[in-house]
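Geometric and topological summary
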Amino acid sequence: MQDDAPAPAPEENDEIVVAAPRRSTWSEMKTAEDWWAIWIGGGLLLICFLAVYLSLPADFSEQLKAAETSGEKVSVHSPLKSWLGKPGSWNQNPLDSLFPAEKKDLLLPSFIVLIVSLISFAIAIKAMGQSVIHFGVGFLGVFLLAILAYVLTGQVVVKRYNLEYALWALMLGLIISNTIGTPRWMKPALKTELYIKTGLVVMGASVLFSRLLTLGLPGIYVAWVVTPVVLISTYLFGQKVLKIESKSLNMVISADMSVCGVSAAIATAASCKAKKEELSFAIGLSLSFTVLMMILMPIVIEALGIDPILGGAWMGGTIDSTGAVAAAGEILGDEAGQVAVTIKMIQNILIGVTAFGVAVYWVTCVESKKEDSQIKPDAWEIWYRFPKFVLGFIVASALFSLLYTTLPGGDLIVPAMVKESSKVFRGWFFCLAFVCIGLETNFRELAKFLKGGKPLILYVCGQSLNLLLTLLMAWLMFSVFYADVVKEAFSK
């Protein structure tokens, strides 16, 4: 790639990114990945809840009343606890993580998670018109790597240094993809977005709605104030300072870096009629820095002694991919993970708004003198591009928060369900996603995007501005103005 970007006016033989044909919401609900993340995650939450609720003793209400007067605690457990699990701790023999001496083996619970996950995702794959057999074969390989990641995490010394499964899952995938290469038979199962979105829907049940609302207000400042400022500043910097010839490449890189990576890049590329090679370049550039940031930012945050909640907010507003944000957040802990994911999903809402705004700008300012312009800005683009899985997360949070506060013993039932069943699925789905991120990342292929040139300078400068402004806004919102409210929300 030369220093100057391709010229904006496409030649006759250049392929232009066009928006995908719109389908009805009903059609998307049956075939789109975002909706299937909701159906799978919601179905699993329903099963996990009913398992606890239907197993309650007949005199549960009487036990609650008696506990109020006596002060004794009522114990609630999920009957699924012994059937769902992951590899445990070990010291010298890795097999101890699957066959511990003090209790029954953990291989069967992991195998049950495998079967349930395989069946659930296979149904989605079938509905989306893809090969179930090819997916199933690849899924077995991905799941085995996830098991290995959990085994490595369970080593006593490793646990002491807080090296979480997300890091091991990512590293295993990266080692394979950058040495022998990702096997072709595994590629149909590399459904990173499907796994992470499903895990986030399941995660919704563990985030009380009151906490979500508490994080939402400061999160809006972090995501909705900083993001447009960075996008516009980066675009103007590319045009006025770097003099990048291709306005469409400039815009796609700016949106990719400032909003949320690949999804924003695709939506923006269609809005500004970018060339396919420009979209590919922007995505490759984003992926390169995403992998670096998801590894380095948790290290920097811990080294600087930054509060995990502030660190989570910082990562949520700067790391491009939702999956990478979840991975980095998990490394810092549950609180950081919840904050990071919440910020990122608030930011994801801007995908549709950005696509619509860019389309309006392109028609009125860039191509206003062209009679053949085919861009038709439509406010429905905001809904069309809206990440639907966010709805699943919000509904799950609201519903289980309602059960938590209104159902007799809900403050016991919901935590038992989350801790002993749904959280297990969430962890496995995240682990699968991190393995896939590693398997899909080849540094040899991405190296060309890290070489010199104006687009690289544009991304580095824009991301540097993004990091500084997001940290400043996150500090103001989570450590100054809303510090007490946020801490109180996590103390409950």
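Source: prediction; values computed, not measured. (Residues numbered from 1 in each chain as written. Predicted model: local features only at pLDDT ≥ 70, side-chain atom pairs only at ≥ 80, totals over all residues. Heavy atoms only, no water.)

Quick word on the overall build of the protein chain
In terms of helices and strands, the protein chain carries 22 helices and 0 strands. A compact globule built from 492 residues should have a C-alpha radius of gyration of about 23 Å, and the protein chain, at 23 Å, falls within 12% of that. Projecting the C-alpha coordinates of the protein chain onto the three principal axes gives extents of approximately 80 × 50 × 50 Å. Counting only residues that meet the buried cut, the protein chain has 54% of its 492 residues in that class. Contacts in the protein chain between residues far apart in sequence, at least 24 positions, make up 80% of those at least 6 positions apart. A total of about 22300 Å² of accessible surface is found on the protein chain, and carbon and sulfur atoms cover 65% of it. Averaging the locations of the 38 positively and 39 negatively charged side chains of the protein chain gives two centres separated by 2 Å. (Helix = DSSP H or I, 4+ residues; strand = E, 2+ residues; numbered from the N terminus. Rg over C-alpha atoms; globule rule 2.2 N^0.38 Å. Buried < 20%, exposed > 50% of the residue type's maximum accessible area, 1.4 Å probe, protein only. Contact = heavy atoms within 4.5 Å. Areas by Shrake-Rupley, 256 points an atom, 1.4 Å probe, with all protein chains shown as cover. Lys, Arg positive; Asp, Glu negative; His and termini not counted. Charge placed at Lys NZ, Arg CZ, Asp CG, Glu CD.)

Digging into the nonpolar core
For soluble globular proteins, nonpolar side chains are generally found buried alongside one another. Ranked by internal contacts, the top residues of the largest apolar core, which has 144 residues, are Phe-139, Val-142, Tyr-195, Met-417, Phe-434 and Phe-478. At 18 residues, helix H19 (residues 410-439) tops the list of elements feeding residues into this core. Once residues within four sequence positions are removed from consideration, Phe-139 is found in contact with Leu-114, Ser-117, Leu-118, Phe-121, Ala-189, Tyr-195 and Leu-432. (Core = buried A, V, L, I, M, F, W, Y, C linked by side-chain atoms within 4.5 Å.)

Observations concerning the packing of helix H8 (residues 192-203) against helix H18 (residues 389-406)
Two elements in contact, H8 and H18, have axes separated by 7 Å at closest approach and are oriented at 20°. When the axis of H8 is compared with that of H18, the two are roughly parallel. In terms of crossing hand, the pair formed by H8 and H18 is right-handed. Together, Lys-197, Leu-200, Val-201 and Met-203 of H8 and Phe-389, Gly-392, Phe-393 and Ala-396 of H18 make up the contact between the two elements. (Axes fitted to C-alpha atoms, helices over the stretch in contact; angles between N-to-C directions. Parallel < 35°, antiparallel > 145°, perpendicular 65-115°, else oblique. Left-handed = near helix turned anticlockwise from the far one by under 90°.)

A look at empty space enclosed by the protein
Considering all chains together, one arrives at 1 cavity of 30 Å³ or more under this definition. Empty space within the largest cavity amounts to approximately 30 Å³. Ala-166, Leu-167, Leu-170, Met-294, Ile-295, Ala-327, Ala-328 and Ile-331 together form the lining of the largest cavity. When its residues are assigned to classes, the lining of the largest cavity shows 8 nonpolar, no polar and no charged. (1 Å grid on protein atoms, 1.4 Å probe; cavity = no way out; pocket = protein on both sides within 12 Å on 5 of 7 lines; lining within 4 Å. Points joined across faces, edges and corners; volume = space filled by probe spheres on them. Nonpolar A, V, L, I, M, F, W, Y, C, P; charged D, E, K, R; others polar.)

Side note on the pattern of salt bridges
Under the counting rule described, the total for this entry stands at 5 salt bridges. A salt bridge links Asp-334 to Arg-426; the shortest N-O distance between them is 3.8 Å. Of this pair, Asp-334 sits in helix H15 (residues 334-348) while Arg-426 sits in helix H19, and the two are 92 residues apart along the sequence. We classify Asp-334 as partly exposed; its relative accessible area is 39%. (Salt bridge = Lys/Arg side-chain N within 4 Å of Asp/Glu carboxyl O.)

Considerations on helix H12 (residues 276-303)
In this model H12 runs 40 Å from its N-terminal to its C-terminal C-alpha over 28 residues, within 8% of the 40 Å that 1.5 Å per residue would give. Of all the bends in H12, the largest measures some 30° and sits at Met-293. Looking one or two places after H12, you find Gly-305, whose phi comes out positive at around 70°. (Expected span 1.5 Å × (residues − 1). Bend = angle between axes of the 7 residues up to and from the residue.)

Quick look at the layout of surface pockets
The volume enclosed by the second largest pocket comes to roughly 1200 Å³. Residue lining of the second largest pocket: 41 residues in total, with Glu-33, Glu-193, Lys-197, Ser-263 and Ile-266 positioned closest to the centre. Of all the elements in the fold, those that place two or more residues in the lining of the second largest pocket are helix H2 (33-54), H8, helix H11 (262-271), H12, helix H14 (322-332) and helix H17 (381-385). By residue number, the principal contributor to the lining of the second largest pocket is H11, which donates 5 residues. Across the lining of the second largest pocket, the residue classes tally to 22 nonpolar, 9 polar and 10 charged.

Some remarks on the confidence of the model for the protein chain
In regions of low pLDDT, the predicted coordinates are not meant to be interpreted in detail. On average, residues of the protein chain carry a pLDDT of 86, and 90% of them reach 70 or more. Within the model, the stretch residues 1-13 combines pLDDT values under 50 with 30 contacts to residues more than four positions away or in other chains. (pLDDT = per-residue confidence, 0-100.)

With respect to the packing of aromatic side chains
Each aromatic ring pair is described using two quantities: the centre-to-centre distance and the angle formed by the ring planes. For the coordinates displayed, the defined rule picks out 18 aromatic pairs. Ring geometry for Phe-121 and Phe-139: centres 6.2 Å apart, planes at 50°, overall tilted. In this pair, Phe-121 is assigned in helix H4 (residues 107-127) and Phe-139 in helix H5 (residues 132-153), connecting sequence segments 18 residues apart. Note on accessibility: Phe-121 and Phe-139 belong to one class, buried. Of the aromatic side chains, those joined through ring pairs into one cluster are Phe-121, Phe-135, Phe-139, Phe-143, Tyr-150, Tyr-165, Tyr-195, Phe-425, Trp-428, Phe-429, Phe-430 and Phe-434. (Phe/Tyr/Trp six-rings, centres within 6.5 Å; stacked < 30°, edge-to-face > 60°.)

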